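Chains, contacts and geometry: an overview
The residues making up each chain are set out below.
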Amino acid sequence: MTLDNILKEIKKADSIVLLGHENPDGDAVGSCLAMKLALEKMGKKADLIMPEYPKGFEFLPGAGEIIKDSDVESYDLAITLDCATTKLMSSFSQYFEKAKTKVVIDHHGMNTMYGDYNFVDQDAPACAQLLAMIFNYFKVEITQEIATCLLAGIITDTNGFRNDSVTSETFRITAELYDTGINMSKIYQRVFCDKSKVQFELQKLAYNRMEFLEDGKI
């Protein structure tokens, strides 16, 4: 099974790098951080390379350890999360391409299966939901910190559980994450409600230019 092969590669790797896609959203950031924390529970250290990410996710556990680049020439193992193609990694794809073994974990239907091992489920509404299942399969304890990162990813990609891709499994997994003691309302607030001054200015600009057409129907 693919997950058994991935677990085997993790266990034998001395150096691991985690990568998401360029201009990462909450699912990419949350999934990468959750994987980093899970690997630490497995006795492994990993570099999480993310040149830029939204400051709104700086509250997530482990965010302070995200690095912009690395001096490592070739990692034993590279794992991409929530990234459908190598092109979406853009400038930091070199770390993936030079790695000895490549693993892809994703939920996008357009994924090109570009890894040596690909675990892709296009029916999953978020990569973070996939990871929750993977961690259970690996028998890795999902701590409160890991759960916080996973829930941030799920909330982001399901648009607050409002997308059609949400299933009963999504709520079952969310309930398990909630039982770790996470503050769901705080996570929801940070992901959707907190806005920077720049975001408010942009929103103001959009409202000022808004027009109603067809007798207010549009």
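Residues numbered from 1 in each chain as written. Predicted model: local features only at pLDDT ≥ 70, side-chain atom pairs only at ≥ 80, totals over all residues. Heavy atoms only, no water.

Re the environment of Leu130
- Tracing the sequence through the fold places Leu130 in helix H4 (residues 127–137).
- Overall, the relative accessible area of 4% leaves Leu130 in the buried class.
- Considering only alpha carbons, one finds Leu130 and Phe212, 82 residues apart in sequence, at a separation of 41 Å.
- Setting aside residues up to four positions removed in sequence, Leu130 forms contacts with Asp106, His107, Phe119, Asp121 and Ala124. (Helix = DSSP H or I, 4+ residues; strand = E, 2+ residues; numbered from the N terminus. Buried < 20%, exposed > 50% of the residue type's maximum accessible area, 1.4 Å probe, protein only. Contact = heavy atoms within 4.5 Å.)

Comments concerning the sheet that holds strand E4 (residues 101–106)
- Read from one edge of the open sheet, 5 strands run E2-E1-E3-E4-E5, paired in parallel fashion. Looking along the sheet, the strands with just one partner apiece sit at the ends: strand E2 (46–49) and strand E5 (117–120). Mean inter-strand twist for the sheet, computed between neighbouring axes without regard to direction, equals 15°.
- Relative to strand E3 (residues 77–81), strand E1 (residues 16–19) runs parallel, the two sharing 4 bridges. Residue pairing for E3: Val17 is matched across the bridge by Ala78.
- Where helix H1 (residues 2–12) meets the sheet, it contacts E1, E3, E4 and E5, and its direction lies at approximately 125° from that of E5.
- With respect to the sheet, H4 is in contact with E3, E4 and E5, its orientation differing from that of E4 by roughly 115°. (Pairing = 2+ DSSP bridges. Axes fitted to C-alpha atoms, helices over the stretch in contact; angles between N-to-C directions.)

What about the pairing of E2?
- Inspection of the sheet shows E1 paired to E2 by 4 bridges, in the parallel sense. When the bridges of E2 are listed, Leu19 appears paired with Ile49.
- On the question of chirality, the crossover connecting E1 to the parallel E2 by way of helix H2 (residues 26–41) is right-handed. (Right-handed = clockwise from strand over helix to strand, strands pointing away.)

A short note on the side chain of Ser93
- Turning to its location among the elements, Ser93 is positioned in the loop between E3 and helix H3 (94–97).
- Within the local environment of Ser93, its side chain forms a polar contact with the backbone oxygen of Ser90, the two atoms lying 3.1 Å apart. (Polar contact = N/O pair within 3.5 Å; in protein donor to acceptor, adjacent residues only side chain to side chain.)

What to know about the pattern of salt bridges
- Taken as a whole, this structure holds 7 salt bridges when the rule is applied.
- Here Lys36 makes a salt bridge to Glu65, at a shortest N to O gap of 3.5 Å. Of this pair, Lys36 sits in helix H2 while Glu65 sits in the loop between E2 and E3, and the two are 29 residues apart along the sequence.
- For Lys36, a relative accessible area of 9% puts it in the buried group.
- Here Lys41 makes a salt bridge to Glu141, at a shortest N to O gap of 3.2 Å. You can see Lys41 sitting in helix H2 and its partner Glu141 sitting in the loop between H4 and helix H5 (144–157), a full 100 residues away along the chain.
- A relative accessible area of 46% places Lys41 in the partly exposed class.
- One network of salt bridges, with partners in common, ties together Lys36, Glu40 and Glu65. (Salt bridge = Lys/Arg side-chain N within 4 Å of Asp/Glu carboxyl O.)

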